[in-house]
Protein chains: 2
Amino acid sequence: MRWDFRYFATIMSDLHLLSPEGFRAAGVYAGIKSRAVPDLGLLICERSAAAAAAFTTNKVFAAPIKVGREHIRDGRLRGVVVNAGNANACTGRQGEKDARWMCVIAGNAIGCDPAEILPSSTGIIGRLMPMGKIESGIAAAGQALGDSVEHALSFADAILTTDTKRKSAATRFKIGREMVTLAGVCKGSGMIGPRMAVPHATMLAYLTTDADVRPAQLRKLMASACERSFNAVTVDDHTSTNDTAAILASGLSGKLDSERAVKSFAAALDEVCQSLAYQIAADGEGATKVVKIIVSGAASQSAANAMARAIANSPLVKCAMNGNDPNWGRIVSAAGLAGVTFDPEKATLKLQGTVVFRNGQPVAFDGAAVSKALAAPEVVAHLSCRMGNAEATIWTCDLSKDYVTINADYHT
Amino acid sequence: MRWDFRYFATIMSDLHLLSPEGFRAAGVYAGIKSRAVPDLGLLICERSAAAAAAFTTNKVFAAPIKVGREHIRDGRLRGVVVNAGNANACTGRQGEKDARWMCVIAGNAIGCDPAEILPSSTGIIGRLMPMGKIESGIAAAGQALGDSVEHALSFADAILTTDTKRKSAATRFKIGREMVTLAGVCKGSGMIGPRMAVPHATMLAYLTTDADVRPAQLRKLMASACERSFNAVTVDDHTSTNDTAAILASGLSGKLDSERAVKSFAAALDEVCQSLAYQIAADGEGATKVVKIIVSGAASQSAANAMARAIANSPLVKCAMNGNDPNWGRIVSAAGLAGVTFDPEKATLKLQGTVVFRNGQPVAFDGAAVSKALAAPEVVAHLSCRMGNAEATIWTCDLSKDYVTINADYHT
């Protein structure tokens, strides 16, 4: 087994989304999904939280994205209301009204201004929201709020769609003498190719912390963390209409008042965001394994990103990974098609640690052994370019027949 | 049945690759493929032909591409030598020597300079060429040359790899009083996402004509035709290491000495290239249907191209097409992620002629009827943007479980 346990260490602890001081949550079944599983979540902070969020860069963005952008502008939130089963995207003016109304209802439930609520939706595109169900669902969630692990789990479940697994991560660290907790949950399985302005997919991620951090600072830290996590995961490179990653900081614990404190917080944020992103890749639609693409020695950061993304998104590479096939030609040629500076004569490719290509030429290797190594739940393909010092890591998954099954029959 | 017969009319005639005056060809089994089917082809012109070619833009290009670029530089060729089963890509200096040696042997076989031969290879990446088999294969093909329909077909077969069908097209038109013939064959099924500088895939295409056309003129006409045909087809958007499209003009018939003659020739060239490109989409790996994406009313040509390509390459869109699923949200959101000017509030989407989305909102439609219409062998999705006058058409195919089967098990 080759899981990179770095990405899972934190989720095996007893920490959860509501471990940071000052948060409560609930997840209820509002009747939006056909199956009776939680489909409406409410996450609130007891006080006005410093907040930052990143949203999809897709020109076709859902109504809650439009409303969310407005509500996050002042860097403060009291809560998040989110539903699964309906994306409220491509729903025109009525959709926008519905997203605003969700905030009104949620604001009533917890006693705050609607503008202090961030709305999110995920699910089918192009259907009007069942607002009766949404309204009673939000009211029920408002009644059900709590800060136990069960409450955290029910919220985590309420945001899932085609996900097969709940996704969460948390960590704890010290700022001065104070213990600070940072936690998060996310969802995402298909339509994953975030390019959020800071991240993207219908990837939804919500993070909580009790750190005391200014909104502007939080925005900057979140942007940077997203770039190296949610924006570095791809399942099908289809930037969703609804991608959202938000963080709320209650300020009830350690203050980021020193460079050292900021560094500790940034490291914790990276850890949690990367764990969540990794879990998305691992639960990619039809995925049988995580494929980690590392491109090093690139001429520039954008070249490294472009090559890593081209490799990670090639259906030919993803099918080869599904078949445990050390077909390295597809990987090298995917780097070559990215349209950036790249010279195969200088490049080396390693599959699961075995050099299979060096300086423009094949290297003899034990095909059966490498194929066996590719059968692991985590596969690493490392292309080193000898063109410069830039490096990028992208997490993806293989492309299986199940991906086709899931996506050929999802809607109708 | 909804095949667009425009694209097939020409291939149902009795014209073929060797119908233009002055050409001979052969396809033989050289033993490169494991199955005993033609895998080595030789196409020659009796005299020095005006010639033009477009090659892959992939930074990882095969040895024959490097040699071919040199040999085409003066705009003249005597012939083409091509093998299937081995791409001669990522094979370093030995690969380049082998590609040059293929030209020497072919030159010997037909009595010309090696620099008058364009070499091509297609097949597995990263294996040295079996030069013994190649040499005797070229010699055998040299002996077998002829201009019958059988000769044309054996050459067309010799270039195939995962293709399930032979691909050819031809047309005949008048320049003044002279009858001019233009014909072509091609291959391509997977690793199709040509961006040739003019086109790309391992798409290989060879065209013959007896028109009398200057090399510079031919280059310009070929570039333009490729942009609207081979560069407008995508199966998996994976620009190959070996993509080549070449045309040889024997000059034995009508001369392009008037604007009208040039126009006639350009129209014929478009017709043949588009027929060939369409056949590639129709035979895409695992394809059950051709999906034609039209984006009109875009703000610029590059915006139209980017949106059409983003839709055509979305695995979610392609899976929906496989499932006859009128999941238009995936199409509209794919346009939105292309990173170009697009406003869903102004857009209209038609699936098989039925409006399903207009001005940012869903339009009620008969889901069962549209789903039934999507079960046709050709599906048209037309997105009109109301942003400008630019238009692009891209041909692709659906994504089926068979694509995964073919590509998870191709190599090992």
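Criteria and cut-off values
- Residues numbered from 1 in each chain as written.
- Chains lettered and ligands numbered in written order.
- Predicted model: local features only at pLDDT ≥ 70, side-chain atom pairs only at ≥ 80, totals over all residues.
- Helix = DSSP H or I, 4+ residues; strand = E, 2+ residues; numbered from the N terminus.
- Rg over C-alpha atoms; globule rule 2.2 N^0.38 Å.
- Buried ≥ 20, exposed ≤ 12 C-beta atoms within 10 Å, placed from the backbone.
- Contact = placed C-beta atoms within 7 Å.
- Pairing = 2+ DSSP bridges.
- Nonpolar A, V, L, I, M, F, W, Y, C, P; charged D, E, K, R; others polar.
- Least-squares fit on C-alpha atoms with pLDDT ≥ 70 in both.
- pLDDT = per-residue confidence, 0-100.
- Domains from an automatic or database assignment.
- Axes fitted to C-alpha atoms, helices over the stretch in contact; angles between N-to-C directions.
- Parallel < 35°, antiparallel > 145°, perpendicular 65-115°, else oblique.
- Expected span 1.5 Å × (residues − 1).
- Left-handed = near helix turned anticlockwise from the far one by under 90°.

Draft legend 1. Broad picture of the overall build of chain A. Helix and strand counts for chain A stand at 11 helices and 14 strands. Taken against the 2.2 N^0.38 rule, which gives 22 Å for 412 residues, the C-alpha radius of gyration of chain A at 21 Å falls within 12% of a compact globule. Expressed as lengths along the three principal axes of its C-alpha atoms, the size of chain A is roughly 65 × 55 × 35 Å. The 412 residues of chain A split such that 63% are buried. Sequence separation of at least 24 residues holds for 81% of the intrachain contacts in chain A that already meet a minimum separation of 6.

Draft legend 2. Region of the structure containing the pairing of strand S6 (residues 178-187) of chain A. Residues and elements named next belong to chain A. The buried count for S6 comes to eight of 10 residues, which makes it a mostly enclosed element. Summarising the sheet, strand S5 (residues 167-175) and S6 pair through nine bridges and their orientation is antiparallel. Counted as the bridge partner of alanine 169 is glycine 184 from S6. Taken together, S5 and the strand that follows it, S6, pair antiparallel across an intervening segment of two residues, in which glycine 176 is found at a positive phi of about 60 degrees. Where S6 meets strand S7 (residues 204-209), six bridges bridge the pair, whose relative direction is antiparallel. Within S7, the position partnered with cysteine 186 by the bridge is alanine 205.

Draft legend 3. Structural context of the interface of chain B and chain A. At the interface, 51 residues of chain B touch 51 residues of chain A. If you list the elements that add at least two residues to the side of chain B that touches chain A, you get helix H8 (315-322), helix H9 (328-336), strand S12 (361-362), helix H10 (367-374) and helix H11 (401-408) of chain B. In terms of residues, the side of chain B that touches chain A owes the most to one element, H9(B), which gives seven residues. A per-class count over the side of chain B that touches chain A returns 22 nonpolar, 24 polar and five charged.

Draft legend 4. Region of interest: the relation of the copies chain B and chain A. Overlay of chain B on chain A (RMSD 0.0 Å): rotation 180 degrees, translation along the axis 0.0 Å. Given the turn and translation reported, the copies of this chain are related as if by a two-fold rotation axis. Closest approach to the rotation axis among the C-alpha atoms of chain B is made by Lys401(B), whose C-alpha sits 2.4 Å away.

Draft legend 5. Seen up close, the confidence of the model for chain A. Residues and elements named next belong to chain A. Mean pLDDT over chain A: 91, with 93% of residues reaching 70 or higher. Within chain A, no element has a lower average pLDDT than helix H11 (residues 401-408), which sits at 87, and none a higher one than strand S1 (residues 23-28), at 98. Every residue in residues 197-201 is under pLDDT 50, and counting partners more than four places away or in other chains gives 33 contacts. Scored as a complex, the prediction yields pTM 0.84 and ipTM 0.80.

Draft legend 6. Seen up close, the domain arrangement of chain A. Residue and element names in this part refer to chain A. Domain boundaries in chain A define domain 1 (5-282) and domain 2 (290-408). A straight line from the C-alpha centre of domain 1 to that of domain 2 covers 32 Å. The interface of domain 1 with domain 2 comprises 11 residues on the first partner and 11 residues on the second. Across the side of domain 1 that touches domain 2, the residue classes break down as seven nonpolar, three polar and one charged.

Draft legend 7. Broad picture of the packing of H11(A) against H8(B). Across the interface, H11(A) lies against H8(B) with an axial gap of 8 Å and an inter-helix angle of 70 degrees. When the axes of H11(A) and H8(B) are compared, the pair comes out roughly perpendicular. Listed contacts from H8(B) to Val404(A), Asn407(A) and Ala408(A) of H11(A) are Leu316(B), Cys319(B), Ala320(B) and Asn322(B). The residue makeup of the contact of H11(A) with H8(B), split by class, is five nonpolar, two polar and no charged.

Draft legend 8. Spotlight on helix H6 (residues 259-282) of chain B. With 24 residues, H6(B) extends 34 Å from end C-alpha to end C-alpha; this agrees with the ideal 34 Å at 1.5 Å per step. The buried fraction of H6(B) amounts to 17 of the 24 residues, a majority that puts the element mostly inside the structure.

Draft legend 9. Representation of the sheet that holds strand S11 (residues 354-358) of chain B within the structure. Residues and elements named next belong to chain B. The six strands are arranged S12-S11-S10-S13-S9-S14 in an open sheet whose pairing can be described as mixed. This sheet does not close on itself; its edge strands, each paired only once, are S12 and strand S14 (390-397). Across seven bridges, strand S9 (residues 290-298) lies against S14 in antiparallel orientation. In the strand pairing of S14, valine 290 is matched with cysteine 397. The strands touched by H9 are strand S10 (348-351), S11 and strand S13 (378-384); relative to S10, the strand with the most contacts, the crossing angle is about 135 degrees.

Draft legend 10. The environment of Ser258(B), seen in detail. Residue and element names in this part refer to chain B. Looking at the element boundaries, serine 258 is found in the loop between strand S8 (244-249) and H6. Since 11 C-beta atoms lie within 10 Å of it, serine 258 is described here as exposed. With 234 residues separating them along the chain, serine 258 and arginine 24 place their C-alpha atoms 29 Å apart.

Draft legend 11. Main features of the sheet that holds strand S9 (residues 290-298) of chain A. All names here are of chain A. The mixed open sheet is built from six strands, whose spatial order is S12-S11-S10-S13-S9-S14. If you trace the sheet from one side to the other, it starts and ends with strand S12 (361-362) and strand S14 (390-397), each paired once. Where strand S10 (residues 348-351) meets strand S13 (residues 378-384), four bridges bridge the pair, whose relative direction is antiparallel. Bridging from a neighbouring strand, lysine 350 pairs with histidine 382 of S13.

Draft legend 12. Spatial organisation of the environment of Ile105(B). Residues and elements named next belong to chain B. Counting through the fold element by element, isoleucine 105 comes out in helix H2 (residues 92-110). Judged by the 21 C-beta atoms lying within 10 Å of it, isoleucine 105 falls in the buried class. Residues isoleucine 105 and alanine 139, spaced 34 residues apart in sequence, show a C-alpha to C-alpha distance of 7.3 Å. When near neighbours in sequence (up to four residues on either side) are disregarded, isoleucine 105 contacts Glu135, Ile138 and Ala139.

Draft legend 13. Expanded view of the environment of Leu207(B). Residues and elements named next belong to chain B. Among the secondary structure elements, leucine 207 is positioned in strand S7 (residues 204-209). A sequence separation of 85 residues divides leucine 207 from threonine 122, and the C-alpha atoms of the two residues are 17 Å apart. Excluding residues within four positions of it along the chain, leucine 207 makes contact with Leu182, Ala183, Gly184, Ile247 and Val272.

Draft legend 14. Spatial organisation of the packing of helix H8 (residues 315-322) of chain A against helix H9 (residues 328-336) of chain A. Residues and elements named next belong to chain A. Two elements in contact, H8 and H9, have axes separated by 9 Å at closest approach and are oriented at 155 degrees. On the basis of their axis angle, the class for H8 and H9 is roughly antiparallel. Helix-helix and strand crossings are classified by hand; for H8 and H9 the assignment is left-handed. Between H8 and H9, the contacting residues are Leu316, Val317 and Ala320 on the first element and Arg330, Ile331 and Ala334 on the second. A per-class count over the contact of H8 with H9 returns five nonpolar, no polar and one charged.

Draft legend 15. Region of the structure containing helix H7 (residues 301-313) of chain B. Residue and element names in this part refer to chain B. An ideal rise of 1.5 Å per residue puts 18 Å on 13 residues; H7 measures up with 18 Å between its terminal C-alpha atoms. Burial of H7 is extensive: 11 of the 13 residues sit out of reach of the surface. All of the buried residues in H7 are Ala303, Ala304, Asn305, Ala306, Met307, Ala308, Arg309, Ala310, Ile311, Ala312 and Asn313. The inward-facing, buried residues of H7 contact S9, H8, H9, S13 and S14.

Draft legend 16. Broad picture of unusual backbone geometry. For Cys90(A), which is not a glycine, the phi torsion comes out positive at approximately 60 degrees. One can find Cys90(A) in the loop between strand S3 (76-86) and helix H2 (92-110). We note that Arg386(B) has phi near 50 degrees; this positive angle belongs to a residue other than glycine. Among the structural elements, Arg386(B) can be located in the loop between S13 and S14. Judged by local crowding, Arg386(B) falls into the partly exposed class, with 14 C-beta atoms found within 10 Å.

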